[in-house]
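Architecture and fold: a report
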Amino acid sequence: MKLEETSCPLCGTAGGEFFHEEAGFRYVSCTSCGLVYMNPRPAAGELLGHYQTYLPVAGEEIEAWRISMTPLFAKSARMIEEMVRGPGRILDVGCGFGFFPRLMADRGWEAVGLEISGFGADFAEGRLGVTVARATLKEAGFAPGSFDAVTAFYVIEHLPDPLAACLEAARILKPGGVLLLRWPHSAPLVKWTSRFNLNLGLMHAPSHLCQFSPRSVAALLERSGFVRVRTVVGGWTWPANPLWRLAGVGGGILAEALGRISGGRLLLPGVSKTTTAVKP
Ligand SMILES: [Zn+2]
């Protein structure tokens, strides 16, 4: 895999302090904004082939994924409907098998999915009847102000230029429209486990190029012109593996409870987060 040096994808500062190494890939922490990102990283285009085989293909694995994501998708749908008067038009970026756009279509929304994996797009279209554009957000070139909501579940950490993607989301949203991002908050756990020389592969190298925190996601969205940025635990997943299920649900419940008790100030590190923001 061809690697190239990069500067901070959020603020452009070059360099960065060493943070962690995983599977031969190096992560640094930006000395200016604190974002943790891979540097050097796979050159542009190197990862496109990787994503053709990224999604599981076995029926039972797809079903396990669907079950795992069901509580999170239901909660996210409710969050969106509390923020924008629906049903309107929604775009799910990186929709995978299309379960979220299917759910929103069932709730009366006009839902479109974006997916670069041919297998994922085929499944979403053929099996779930979801409208899918096989393109990146930039390539799709949607009309300005054409969506009431844009979602991206576990996508921003994969993007070489998350700022460009959020600017594009802002462009295609109507004023008052909502962006919902779901992202893994892995860096604090990685820091903690590496003290014990544990390397659990939590950075998902080379897939995850950035490791966000509530602070860096807020900076990303404010820089993209969004307002009312809010990060919450926002539900939990239901993984097939009982141990991960215990971690996922237990961590999710604990994190949600702490967030609620503290009035949203305490966001348990390590547990995935949902961030919503509004286009002014
Ligand atoms: Zn930075």
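In case you missed it, the structure is sitting above this.
Residues numbered from 1 in each chain as written. Predicted model: local features only at pLDDT ≥ 70, side-chain atom pairs only at ≥ 80, totals over all residues. Heavy atoms only, no water.

Turning our attention to the packing of helix H2 (residues 59-83) against helix H3 (residues 99-106). Close contact between H2 and H3 brings their axes to 9 Å; oriented N to C, the two are set at 45°. When the interaxial angle is binned, H2 and H3 end up oblique. As for the relative orientation of H2 and H3, their crossing is right-handed in sense. Taken together, the residues of H3 that come into contact with H2 (itself represented by Ile62, Trp65, Arg66, Phe73, Ala74, Ser76, Ala77, Ile80 and Glu81) are Phe99, Phe100, Leu103 and Met104. By residue class, the composition of the contact of H2 with H3 is 10 nonpolar, 1 polar and 2 charged. (Axes fitted to C-alpha atoms, helices over the stretch in contact; angles between N-to-C directions. Helix = DSSP H or I, 4+ residues; strand = E, 2+ residues; numbered from the N terminus. Parallel < 35°, antiparallel > 145°, perpendicular 65-115°, else oblique. Left-handed = near helix turned anticlockwise from the far one by under 90°. Contact = heavy atoms within 4.5 Å. Nonpolar A, V, L, I, M, F, W, Y, C, P; charged D, E, K, R; others polar.)

Ordered by their spatial adjacency, 7 strands build an open sheet running E8-E7-E6-E9-E10-E13-E12, and the pairing between neighbours is mixed. Pairing within the sheet leaves two strands with one partner each, and these edge strands are strand E8 (131-133) and strand E12 (227-232). If you compare each strand with its neighbour and ignore which way they point, the axes differ by 20° on average. (Pairing = 2+ DSSP bridges.)

Looking at where Ala149 falls in the secondary structure, it is placed in strand E9 (residues 147-153). Its relative accessible area of 0% is what places Ala149 among the buried residues. For Ala149 and Met83, which are 66 residues apart along the polypeptide, the C-alpha to C-alpha distance reads 9.5 Å. In this structure, Ala149 is in contact with Ile80, Arg89, Ile90, Leu91, Trp109, Leu173 and Val178, ignoring residues within four places of it in sequence. (Buried < 20%, exposed > 50% of the residue type's maximum accessible area, 1.4 Å probe, protein only.)

Once that is clear, we can look at the coordination of the zinc ion. Where a metal carries four tetrahedral donors, each ideal angle is 109.5 degrees; where it carries six octahedral donors, the ideal angles are 90 or 180 degrees. Protein coordination at the zinc ion comes from Cys8 (SG), Cys11 (SG), Cys30 (SG) and Cys33 (SG), with a distance range of 2.3 Å. Coordination geometry of the zinc ion: the 4 donor atoms subtend angles of 101 to 118° at the metal centre, consistent with an arrangement described as tetrahedral. Of note, the zinc ion draws all its donor residues from one chain, in the sequence arrangement C-x2-C-x18-C-x2-C. Remark: Cys33 occurs in the loop between strand E3 (25-29) and strand E4 (36-38) and Cys8 occurs in the loop between strand E1 (3-4) and strand E2 (17-22); sequence separation between them is 25 residues. (Donors = N, O, S within 2.8 Å, 3.2 Å for Na, K, Ca; no water. Tetrahedral: all angles 85-135°; square planar, octahedral: opposite > 155°, others 65-115°.)

Moving on: the sheet that holds E2. Sheet strands associate in pairs through backbone hydrogen bonding, adopting either a parallel or an antiparallel arrangement. Strand order across the open sheet formed by 4 strands is E2-E3-E4-E11, with antiparallel pairing between neighbours. Each edge of the open sheet is held by one strand with a lone partner, namely E2 and strand E11 (210-211). Taken together, the 3 bridges between E3 and E4 define a ladder with antiparallel strand orientation. Across the sheet, residue Tyr27 finds its bridge partner in E4, namely Met38.

Once that is clear, we can look at helix H6 (residues 162-172). When you tally the buried positions in H6, you get 8 out of 11 residues, the bulk of the element. Burial in H6 covers these residues: Pro162, Leu163, Ala165, Cys166, Glu168, Ala169, Ala170 and Ile172. Elements in contact with the buried residues of H6: strand E6 (89-93), helix H5 (137-140), E9, strand E10 (173-183), E11 and helix H8 (214-223).

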